[in-house]
Amino acid sequence: MRADTEQDILKTELWWTALVTAVVTAIMLAIIYAGLVHHISPPSNIETIDPKTLHLTGEFTEGNLGTRVEAGDQVTSRVVATQFAFQPQCIAVPANRTVTLRFATPDVIHGILVTGTNVNTMIIPGYVSQVHTVFTKTGDLLMPCHEFCGLGHSQMWATVRVVPEDEFKPGPDGRVSCDAR
Amino acid sequence: MTHARRLTLAHLWVAFAAIAVAAVLGVWQMWARSPLPAPFLTAQAYFTSVTAHGVSMAYVLTTFMVMGFGYYVAETALGRPLPLPRLAWLGFALGIVGSLMAAVTIFAGSATVLFTFYPPLTASPFFYIGLVLVVVGSWIWCGLMLWAMLDFKRASPGVPVPLAMFATVANAVMWLWTTVGVAAELLFQVIPAAFGWNEAVDVGLSRTLFSWTLHAIVYFWLIPAYIAFYTMAPQAAGGRLYSDTMGRLTFILFLIYSLPVGMHHLFMDPQQSSAFKFLQMSFTALVAAPTLLTVFTISASMEIAGRLRGGKGYFGWIGALPWDCPMVLATGMAFFMLWFGGGGGLINMSFGMNAMVHNTSWVTAHFHLIFGGTVVIMYFAIAYAIWPTLTDRTPVSLRYQRLQLWLWFIGMMVMTLPWHYLGLQGQWRRVATFNYSDPIIAGWGPWVIVSFIGGIILLVSALLFVWNLLEFHRAHAVVVTGLRPLYALAVHPPERVPAALNGFALWNVLVLILMIAAYGYPIAQFFIIDAPEAIVHRVNGRG
Amino acid sequence: MALAPHPNSSSQVPPSTDDVVDEAALERVMREVPSGALALSLLTVGLLLLAWFLMYAFVFLPRGMVG
């Protein structure tokens, strides 16, 4: 005759399961809170683009890359990832304003992160990756390619230059580049 | 043990040879990434090494270990000879041929695509065919495990399938489901592209199909370690398994929830919507449950052993455990590493938080610690525990087994903890050389070196492990006969269990429903929306 | 860990066969189990949850909005 019957054991395990469920639920609620209240979520934009022609016409032609202030004071930065460089290799963005980053690639899978921020996205041929963020600290941040894209992957990175708001002055065409400092 | 002895030894020697080779490559890779100048360092050499290291550790070590241990469990837990041993040897042969084929293409420089081989980067078709052969060999194993269990149930109706075998078959069933994703990707997309029959590939589809496999595969690797937790560690410690029923439920939960979660590897991808990312994240939260349940059940089982040995109070039982037993020592170390590795996994899973860590060294740290640490240390312990019954010999002293385990544990902690920190600093993955003159990167150097030292300790441990196994085969080993394999008894060994806890028919239906919900539209969408394809980029020593 | 020959044990064999554990001792011990396991599990899982929240509050949220 056991002091602890199988029933008792299962009851204890059930209590523990309830506790485990509570722990996991707490984590889920915190995640939902971060998503809804702090607006921190994984990229959610699904938009296709033809890798074979993106450099020829439309949004990602060379002349249209980099940072541009568009209608409604919207700051958008467009970058093309190729084997093995980002075009442009430096983008200037204002601090404390919403910035939209858009990426595309004509060749293989790349990805980026921006050091010290939550900006992180894959760049997949066939799709435009879009991320909205607000940069709070000024200075030069590193934006490396973080997904293996071939033998030159180790040397592939760009710079994100976060400029104080009062120094962020777009030219007549709305463009802001890293050199104009 | 009729057939398992030779089958198990053959499979496990292949697995452990793979660890030894991969460990050497791993140390060189860490040297390459550090500020210290490394020999033979070119981008081609580095990425060849990373591919070889990844394929050896993720596909060869694991598949052969799972198969070999499975054959052992099938004969010893069921007490019956393995059915159709010739098929088992065929599976082994396919695995060997496939591994060699892949190895040749890797070292010839025509498969520097890493073990994840994301298209449109495309290797020699024989690389992929090699991997397919390994998988087909493992499917034969799956069939044999199912057959052995069904055979047992026919011969002993109403008798509960012993937990070790129930878990092994759960793993086999899960593996059959798991491999569908990568098999579809390889057969319909990657291999045709590699042969030049297609010039373009739908990369969104291939990444989604691969994600199907990519998470569940880690549970394929992990289940043998959990089999050791539930059925070997309590016995080794001199106690009982707290609950056989919870053991069965744990393995069922792994079967159900390992699969519909792969999209958490795609949180940062642009081809899947937030809705499905969130759904699969919720399932991922559920797959944390069996591990958290295991922590309690195994603690209780070990507590029984500790209290039987005189341990008192809330924690005294821990000190009272027979830590000189390698299985007990490894279990303790495995759980310690599980706190860090599992905790890191919770962060990875946490949706928006994934952005802090995706494709950084944090991820590398996580899987080395949870797999290389918690799981592989139990592979070592399993080997030490079953080698006497496989060889009818024991070494004179267990001291070098314990030393090897300590070195592995210390090496793994020293290697992976700095990587977690570096990942948060933004250190990204799959880099052959870092530009240490950059001010941000320069600060990482000392930690990279610390991590490198951890890797060296691991290499010493890996070589000592092989040495320890060879000790069994040496003349001065002690010959023992009549050893019987031992599995833990539960506190209340079940005399009957419900059909749902003794088979998988119901659970297969549930898996199907969950997979349709989780992956149905995410895969179907690629046949509905007009996603432009990416041009195939062949890798042929030129990048 | 004992390596002397033992009779075969597996989880479907009734406890009346030879095994290393003495029935009376097991019963005595089962009055306290799983208080130790609960203590250890509560401690470790509690620390895990705490660590997760520290990371959430001090690393993740400060890194700012993104989506």
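Residues numbered from 1 in each chain as written. Chains lettered and ligands numbered in written order. Predicted model: local features only at pLDDT ≥ 70, side-chain atom pairs only at ≥ 80, totals over all residues.

Undergrad: Even after reading the chapter, I still don't get the overall build of chain A, so can you show me in this structure?
TA: Looking only at helices and strands, chain A features one helix and eleven strands. Within chain A, buried positions represent 48% of all 181 residues. (Helix = DSSP H or I, 4+ residues; strand = E, 2+ residues; numbered from the N terminus. Buried ≥ 20, exposed ≤ 12 C-beta atoms within 10 Å, placed from the backbone.)

Undergrad: Where do I start with the overall build of chain B in this structure?
TA: Helices and strands together make up the secondary structure of chain B, namely 17 helices and six strands. For 543 residues, the compact-globule estimate of 2.2 N^0.38 gives 24 Å, and chain B sits close to it at 23 Å. Counting only C-alpha atoms and orienting by the principal axes, one finds that chain B spans roughly 60 × 50 × 45 Å. A buried classification covers 63% of the 543 residues belonging to chain B. Of the contacts made within chain B by residues no fewer than 6 positions apart, 86% connect residues no fewer than 24 positions apart. (Rg over C-alpha atoms; globule rule 2.2 N^0.38 Å. Contact = placed C-beta atoms within 7 Å.)

Undergrad: What is the right way to read the interface of chain C and chain A from this model?
TA: It is common to give the size of an interface as the accessible area lost on bringing the parts into contact. Each side of the interface is counted separately: chain C has 14 residues, and chain A has 23 residues. The element contributing the most residues to the side of chain C that touches chain A is helix H2 (residues 35-60) of chain C, with four residues. Split by residue class, the side of chain C that touches chain A holds nine nonpolar, two polar and three charged. (Nonpolar A, V, L, I, M, F, W, Y, C, P; charged D, E, K, R; others polar.)

Undergrad: What exactly am I supposed to notice about unusual backbone geometry here?
TA: In terms of backbone geometry, most residues other than glycine have negative phi values and most peptide bonds are trans. The linkage connecting Gln-87 of chain A with the following residue, Pro-88 of chain A, adopts the cis geometry, with an omega of -5 degrees. Here Pro-88 of chain A is to be found in the loop between strand S3 (85-87) and strand S4 (90-94). For the bond from Val-33 of chain C to Pro-34 of chain C, the omega torsion is 5 degrees, close enough to zero to count as cis. Along the chain, the position of Pro-34 of chain C falls in the loop between helix H1 (23-29) and H2. At Phe-40 of chain B, a residue that is not glycine, the phi angle is positive and equals roughly 60 degrees.

Undergrad: Looking at this structure, I do not really get the domain arrangement of chain A. What am I missing?
TA: Splitting chain A by domain gives domain 1 (1-41) and domain 2 (62-176). Taking only C-alpha atoms, the centre of domain 1 of chain A and the centre of domain 2 of chain A are 40 Å apart. (Domains from an automatic or database assignment.)

Undergrad: I would appreciate a short explanation of the interface of chain A and chain B in the present structure.
TA: Contact residues are listed per partner, giving 53 residues for chain A and 57 residues for chain B. At the level of secondary structure, the elements contributing two or more residues to the side of chain A that touches chain B comprise helix H1 (6-36), strand S6 (110-113), strand S7 (120-123) and strand S9 (139-144) of chain A. Of the residues that constitute the side of chain A that touches chain B, the class distribution is 27 nonpolar, 19 polar and seven charged.

Undergrad: Would you mind showing me how to read the environment of Ala-462 of chain B here?
TA: Residues and elements named next belong to chain B. Considering the arrangement of structural elements, one finds Ala-462 in helix H16 (residues 445-472). Separated by 13 residues in the primary sequence, Ala-462 and Ala-475 place their C-alpha atoms 23 Å from one another. For Ala-462, the residues in contact, after removing those within four places along its chain, are Ile-19, Ala-20 and Ala-23.

Undergrad: Could you clarify how one ought to interpret helix H17 (residues 505-528) of chain B in this entry?
TA: All names here are of chain B. The terminal C-alpha atoms of H17, which comprises 24 residues, lie 33 Å apart, in line with the 34 Å expected from a rise of 1.5 Å per residue. Along H17, the largest kink reaches about 45 degrees and is centred on Tyr-519; proline Pro-522 follows within four residues of it. Taken as a whole, H17 has its buried residues at Val-511, Ala-518, Tyr-519 and Pro-522. For H17, the secondary structure elements touched by its buried residues are helix H5 (163-195), helix H6 (203-231), helix H8 (244-257) and helix H9 (274-308). (Expected span 1.5 Å × (residues − 1). Bend = angle between axes of the 7 residues up to and from the residue.)

Undergrad: Would you mind showing me how to read the environment of Ser-301 of chain B here?
TA: Residues and elements named next belong to chain B. When you line up the elements, Ser-301 lands in helix H9. For Ser-301, a count of 30 C-beta atoms within 10 Å gives the class buried. Considered as a pair, Ser-301 and Arg-86 are 215 residues apart in the sequence and their alpha carbons are 38 Å apart. Not counting residues up to four positions away in its chain, the partners in contact with Ser-301 are Pro-234, Gly-239, Arg-240, Leu-241 and Tyr-242.

Undergrad: What should I look at first to understand the sheet that holds strand S10 (residues 157-163) of chain A in this one?
TA: Across a sheet, strands are paired by hydrogen bonds formed along the backbone, either parallel or antiparallel in direction. Residues and elements named next belong to chain A. Ordered in space as S4-S10-S9, the three strands form an open sheet in which the pairing is mixed. Pairing within the sheet leaves two strands with one partner each, and these edge strands are S4 and S9. Direction aside, the axes of adjacent strands within the sheet are offset by 25 degrees on average. Sheet topology note: the S9/S10 ladder contains six bridges and is antiparallel. From the neighbouring strand, Asp-140 faces S10, where its bridge partner is Arg-161. (Pairing = 2+ DSSP bridges. Axes fitted to C-alpha atoms, helices over the stretch in contact; angles between N-to-C directions.)

Undergrad: Before we go on, may I ask you to explain the confidence of the model for chain B in this structure?
TA: Caution is warranted with low-pLDDT regions, since their predicted coordinates should not be read in detail. Considering every residue of chain B, the mean pLDDT works out to 95; 99% of them sit at 70 or more. Interface confidence in the predicted complex, given as ipTM, is 0.94; pTM for the same model is 0.95. (pLDDT = per-residue confidence, 0-100.)

Undergrad: What's the story with the environment of Gly-158 of chain B in this structure? I'm lost.
TA: Structurally, Gly-158 of chain B can be placed in the loop between helix H4 (125-155) and H5. Taking the C-alpha atoms as reference points, Gly-158 of chain B and Val-135 of chain B, 23 residues apart in sequence, are found 33 Å from one another.

Undergrad: Where do I start with the nonpolar core in this structure?
TA: For soluble globular proteins, nonpolar side chains are generally found buried alongside one another. Counting 273 residues, the largest nonpolar core has Ala-170, Ile-377 and Phe-380 of chain B as the members making the most contacts within it. By residue number, the principal contributor to this core is helix H2 (residues 43-78) of chain B, which donates 20 residues. Mapped onto the domain boundaries, this core takes at least three residues apiece from domain 1 (1-41) and domain 2 (62-176) of chain A. Setting aside chain neighbours within four positions, we find Ile-377 of chain B in contact with Ala-330, Met-333, Ala-334, Leu-405, Trp-408 and Phe-409 of chain B. (Core = buried A, V, L, I, M, F, W, Y, C linked by C-beta atoms within 7 Å.)

Undergrad: Is there a simple way to think about the pairing of S6 of chain A in this case?
TA: Residues and elements named next belong to chain A. The side-chain alternation of S6 yields two buried faces, one formed by His-110 and Ile-112 and the other by Gly-111 and Leu-113. In the sheet, S6 pairs with S7 via four bridges, with the strands oriented antiparallel. Of the residues in S7, the one forming a bridge with Leu-113 is Asn-120. Once S6 ends, the chain turns through six residues before running back antiparallel as S7, passing Gly-116 with a positive phi of about 80 degrees.

Undergrad: When you look at the packing of helix H1 (residues 4-33) of chain B against helix H3 (residues 85-107) of chain B in this model, what are you seeing that I'm missing?
TA: Think of two packed helices as two axes; the pair is described by the angle between the axes and how far apart they sit. Residue and element names in this part refer to chain B. The N-to-C vectors of H1 and H3 enclose an angle of 10 degrees; their axes lie 11 Å apart at closest approach. Of the possible angle classes, the one that applies to H1 and H3 is roughly parallel. Where H1 crosses over H3, the handedness of that crossing is left-handed. Here Leu-7, Ala-10, His-11 and Val-14 of H1 lie close against H3, whose contacting residues are Pro-85, Ala-88, Phe-92 and Ile-96. (Parallel < 35°, antiparallel > 145°, perpendicular 65-115°, else oblique. Left-handed = near helix turned anticlockwise from the far one by under 90°.)

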